[in-house]
Amino acid sequence: YLRAAELQVDGALRTTLLRKGLYRVPAYEATLRLRGHFDAAAAAARALDGSRERLVWSQARLVLPLAALESIRRIERFTLDDARLETAGDAFLQGRALAGLASLAEAQRDRELPFEVVVVLSGSEAFDVVPLAAASTIALRGDWPHPDFAGAESPAGREVGAAGFTASWSST
């Protein structure tokens, strides 16, 4: 696999309270824009340096791991190198990822390959983003006034008030 060199996530979450018997349960709808790039030239150079890693460019896929594919409400954009990708569940991650077959040409190996994904997800209980790129920045905002920032890394910046929250993370 080829890990993204850079990932920028911008997300907006909207919550609603659902009734479940006597209880009210928060549910969210999140619109996420993920942008970044892969350093294909560095991957090609590693292969030439005798690495046992061999990339099959004609079978390249852009993969977005998800806890559940059922959380996808709609996919507004899914591109690699400005080419629109057809999407499907990816068997490599046991159906827990969205993937698009890229079928890259040899000529695309020697440069940065930009990608962009705009997806609307829904769920309840938790919303997590994992910074899988070499360098990641994440900016989230939402109307929920009681967010719980759990995980290995606390937000670098956050504001929480009656109208909602904003939070940002950065990792390298």
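Figured I'd write up the structure that's included with this text. What you see is a predicted model; the values in this text were computed from it and never measured.

Within the protein chain one finds 1 helix and 11 strands. Beginning at the N terminus, the succession of helices and strands in the protein chain can be written as β-β-α-β-β-β-β-β-β-β-β-β. For the protein chain, buried positions account for 34% of its 172 residues. For the protein chain, the proportion of contacts with a sequence separation of at least 24, taken over those separated by at least 6, is 69%.

On to a nonpolar patch on the surface. On the surface, Leu18, Leu22, Tyr23 and Val25 cluster together into a nonpolar patch covering about 470 Å² of accessible area. Turning to its location among the elements, Leu22 is positioned in the loop between strand S1 (6–20) and strand S2 (23–39).

This paragraph deals with the pairing of strand S7 (residues 97–101). Along S7, 4 of the 5 residues are buried, which leaves the element largely enclosed by surrounding structure. As paired strands, strand S3 (residues 61–65) and S7 are joined by 5 bridges and run antiparallel to one another. Bridging from a neighbouring strand, Arg61 pairs with Leu101 of S7.

Taken in spatial order, the 8 strands make up an open sheet running S5-S4-S8-S2-S1-S9-S11-S10, and their pairing is mixed. Looking along the sheet, the strands with just one partner apiece sit at the ends: strand S5 (83–84) and strand S10 (157–161). Pairing of S1 with S2, which is carried by 15 bridges, proceeds in the antiparallel orientation. Opposite Gln8, over in S2, you have Arg35 as the bridge partner.

It is worth spelling out the packing of aromatic side chains at this point. As enumerated under the stated definition, the model contains 4 aromatic pairs in all. Ring centres of Phe149 and Phe165 lie 6.0 Å apart, and the angle between their planes is 75°; on these two criteria the pair is classed as edge-to-face. Taken together, the residues span a long stretch of sequence, with Phe149 in the loop between strand S9 (135–142) and S10 and Phe165 in strand S11 (residues 164–171) at a distance of 16 residues. Judged by relative accessible area, Phe149 falls into the buried class, the value being 18%. The structure contains a cluster of three or more aromatic residues connected by ring pairs, namely Phe149, Phe165 and Trp169.

Counted under the stated rule, the structure contains 5 salt bridges. Residue Arg33 is joined to Glu116 by a salt bridge in which the shortest nitrogen-to-oxygen separation is 2.6 Å. Of this pair, Arg33 sits in strand S2 while Glu116 sits in strand S8 (residues 112–124), placing them 83 residues apart in sequence. With a relative accessible area of 14%, Glu116 lands in the buried category. Between Glu116 and Arg77 there is a salt bridge, with its nearest N and O atoms 2.7 Å apart. A residue pair is termed long-range when its members are at least 10 positions apart, and Glu116 in strand S8 and Arg77 in strand S4 (residues 72–80) qualify at 39 residues. With a relative accessible area of 35%, Arg77 lands in the partly exposed category. Each of the salt bridges in this network shares a partner with another, and the network as a whole consists of Arg33, Arg77 and Glu116.

Considering the arrangement of structural elements, one finds Arg158 in strand S10. Residues Arg158 and Ser168, 10 residues apart in the sequence, show an inter-C-alpha distance of 6.5 Å. Residues contacting Arg158, with those up to four places away along its chain left out, are Phe149, Thr166 and Ala167.

Right, let's get into the nonpolar core. Formed by 35 residues in total, the largest nonpolar core has its most connected members in Leu32, Leu34, Leu80, Val119 and Leu140. Elements supplying a minimum of two residues to this core: S1, S2, S3, S4, S8, S9 and S11. What Val119 contacts, discounting residues up to four positions off in sequence, is Ala30, Thr31, Leu32, Leu34, Leu64, Ile72, Arg74 and Ile75.

Procedures and definitions
- Residues numbered from 1 in each chain as written.
- Predicted model: local features only at pLDDT ≥ 70, side-chain atom pairs only at ≥ 80, totals over all residues.
- Heavy atoms only, no water.
- Helix = DSSP H or I, 4+ residues; strand = E, 2+ residues; numbered from the N terminus.
- Buried < 20%, exposed > 50% of the residue type's maximum accessible area, 1.4 Å probe, protein only.
- Contact = heavy atoms within 4.5 Å.
- Patch = residues over 30% accessible without salt bridge, like charges linked within 9 Å, V, L, I, M, F, W, Y side chains within 5 Å.
- Areas by Shrake-Rupley, 256 points an atom, 1.4 Å probe, with all protein chains shown as cover.
- Salt bridge = Lys/Arg side-chain N within 4 Å of Asp/Glu carboxyl O.
- Pairing = 2+ DSSP bridges.
- Phe/Tyr/Trp six-rings, centres within 6.5 Å; stacked < 30°, edge-to-face > 60°.
- Core = buried A, V, L, I, M, F, W, Y, C linked by side-chain atoms within 4.5 Å.

Any functional reading would require information beyond the geometric quantities listed.
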